[in-house]
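Inside the fold
Spelled out, the chains give:
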Amino acid sequence: MSTPHIDAAAGAFADTVLLPGDPVRARHIATQLLQDAEQVSNVRDMPGFTGHWRGRRISVMGTGMGIPSCSLYATELVREYGVRRLVRVGTCGATGADVQLGDIVVALGASTDSRVNRLRFGGYDLAALASFDLVRSVADAAQRAGARVRIGNVFSTDLFHHPDPALFDLLERHGVLGVEMEAAGLYGAAAALGVEAIAVLAVSDHIRRGEAMTPQQRATGLDAMLRIVLDGVAA
Ligand code: HPA
């Protein structure tokens, strides 16, 4: 069995798949956090693995960056491999004044400059939402771990190097917590496919204040967030 972008055997993925953009992070999650992880796919060097967390079968698959790349992996995982819970794990640049480096942002909803959800939704504006059950599970796990978690709107942009600095004023005025590049597309795909999705993001930089984590802080902060997400989805 295979799809254009995944060459795993039938049944090779768990019902819950963590989706980091970075393939190196996918391998790190599999080899350093999951138990007995086995690689199940590697088309274009984009690795997928299945292992266990606290006895529950969990998979992880890199998606690449941006809505088109994330959406195609999400779609093929659901349609061809029966995946039911799509869990993006990544980073975001903060726009909110009260958001700090290292905070965990849960994207309850995702606004966007992308047109993909209008393409999916007859030209109308889809409210791109996370699964309430997944948000509750991850928020509970974050509370148990004593982590600072912010739950609200994010903005999924098609342009990392955005040409309009006024965008970030606008986002801050509308209470948008952070900027990333996938959640709105993932939520639109999940809605169209009838499955659950969530995006959980470590704040790696603050766009308004020009702050950024060191590579060491990034790695440590991400691991703490990943453990919380795994506890949440395995609960
Ligand atoms: N913009 C878009 N995506 C991001 C950023 C950013 O500043 N930081 C982390 N992911």
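Residues numbered from 1 in each chain as written. Predicted model: local features only at pLDDT ≥ 70, side-chain atom pairs only at ≥ 80, totals over all residues. Heavy atoms only, no water.

**Details of unusual backbone geometry**
- Backbone geometry places Asp36, a non-glycine residue, at a positive phi of 40 degrees.
- Owing to a relative accessible area of 58%, Asp36 belongs among the exposed residues under this scheme.
- The backbone of Arg44 shows a phi angle near 55 degrees, a positive value even though the residue is not glycine.
- With respect to the helices, strands and loops of the structure, Arg44 is situated in the loop between strand 2 (35–41) and strand 3 (48–53).
- Residue Arg44 is classed as exposed on the basis of its relative accessible area of 70%. (Buried < 20%, exposed > 50% of the residue type's maximum accessible area, 1.4 Å probe, protein only. Helix = DSSP H or I, 4+ residues; strand = E, 2+ residues; numbered from the N terminus.)

**Let's talk about the layout of surface pockets**
- A volume near 530 Å³ is recorded for the largest pocket.
- Listed by contribution, the elements that provide at least two residues to the lining of the largest pocket are strand 5 (85–94), strand 8 (178–180) and strand 9 (196–206).
- Reported here for the second largest pocket is a volume of approximately 210 Å³.
- Together, 14 residues line the second largest pocket, and Thr112, Ser114, Asn117, Arg118 and Asp125 are the ones closest to its centre.
- Mapped onto the lining of the second largest pocket, the elements with two or more residues apiece are strand 6 (104–112) and helix 3 (116–120).
- Residue composition of the lining of the second largest pocket, by class: six nonpolar, four polar and four charged. (1 Å grid on protein atoms, 1.4 Å probe; cavity = no way out; pocket = protein on both sides within 12 Å on 5 of 7 lines; lining within 4 Å. Points joined across faces, edges and corners; volume = space filled by probe spheres on them. Nonpolar A, V, L, I, M, F, W, Y, C, P; charged D, E, K, R; others polar.)

**As for the side chain of Thr3**
- Within the secondary structure, Thr3 is located in the segment before strand 1 (16–20).
- Judged by its relative accessible area of 12%, Thr3 is buried.
- Here Glu76 takes part through its side chain, which lies 2.5 Å from a polar atom of the side chain of Thr3.
- Once residues lying within four places of it in the same chain are set aside, the contact partners of Thr3 are Glu76, Glu80 and Tyr81. (Polar contact = N/O pair within 3.5 Å; in protein donor to acceptor, adjacent residues only side chain to side chain. Contact = heavy atoms within 4.5 Å.)

**Points about the UniProt feature "binding site: phosphate" (unreviewed entry) in the protein**
- In the numbering used here, UniProt assigns the feature "binding site: phosphate" (unreviewed entry) to Gly21, Arg25, Arg44, Arg88, Val89, Gly90 and Thr91. Look at the named residues: they lie 71 residues apart in sequence, and the longest C-alpha span between them is 22.9 Å, so in the fold they stay spread out. Within the annotated group just given, the residues that line the largest pocket are Gly21, Arg25, Arg88, Val89, Gly90 and Thr91.
- Mapped onto the secondary structure, Val89 falls in strand 5.
- Assignment of secondary structure puts Thr91 in strand 5.
- Excluding its chain neighbours within four sequence positions, the residues that come into contact with Thr91 are Arg25, Glu180, Leu201, Ala202, Ser204, Arg218 and Leu222. (UniProt positions renumbered as here; feature names shortened; annotations may be inferred.)

**Focus on the pairing of strand 9**
- Among the 11 residues that make up strand 9, nine are buried, leaving the element largely enclosed by the rest of the structure.
- As paired strands, strand 5 and strand 9 are joined by 10 bridges and run parallel to one another. Across the sheet, Ala94 pairs through a bridge with His206, a residue of strand 9.
- What sits between the antiparallel neighbours strand 9 and strand 10 (residues 211–212) is a turn of four residues, in which Gly210 has the positive phi angle 65 degrees. (Pairing = 2+ DSSP bridges.)

**Quick word on the UniProt feature "binding site: a purine D-ribonucleoside" (unreviewed entry) in the protein**
- Mapped onto this numbering, the UniProt entry gives "binding site: a purine D-ribonucleoside" (unreviewed entry) at His5, Glu180, Met181, Glu182, Ser204 and Asp205. Annotated residues spanning 201 residues; largest pairwise C-alpha distance 31.0 Å, indicating distribution over more than one region. Lining the largest pocket, out of the annotated residues just given, are Glu180, Met181, Glu182, Ser204 and Asp205.
- Turning to its location among the elements, Glu180 is positioned in strand 8.
- Given a relative accessible area of 3%, Glu180 falls into the buried group.
- Ignoring anything within four residues of it in the chain, the contact list for Glu180 reads Arg88, Thr91, Cys92, Val154, Phe155, Ser156, Thr157 and Leu201.
- Checked against the element boundaries, Asp205 lands in strand 9.
- Asp205 sits in the partly exposed class, given a relative accessible area of 25%.

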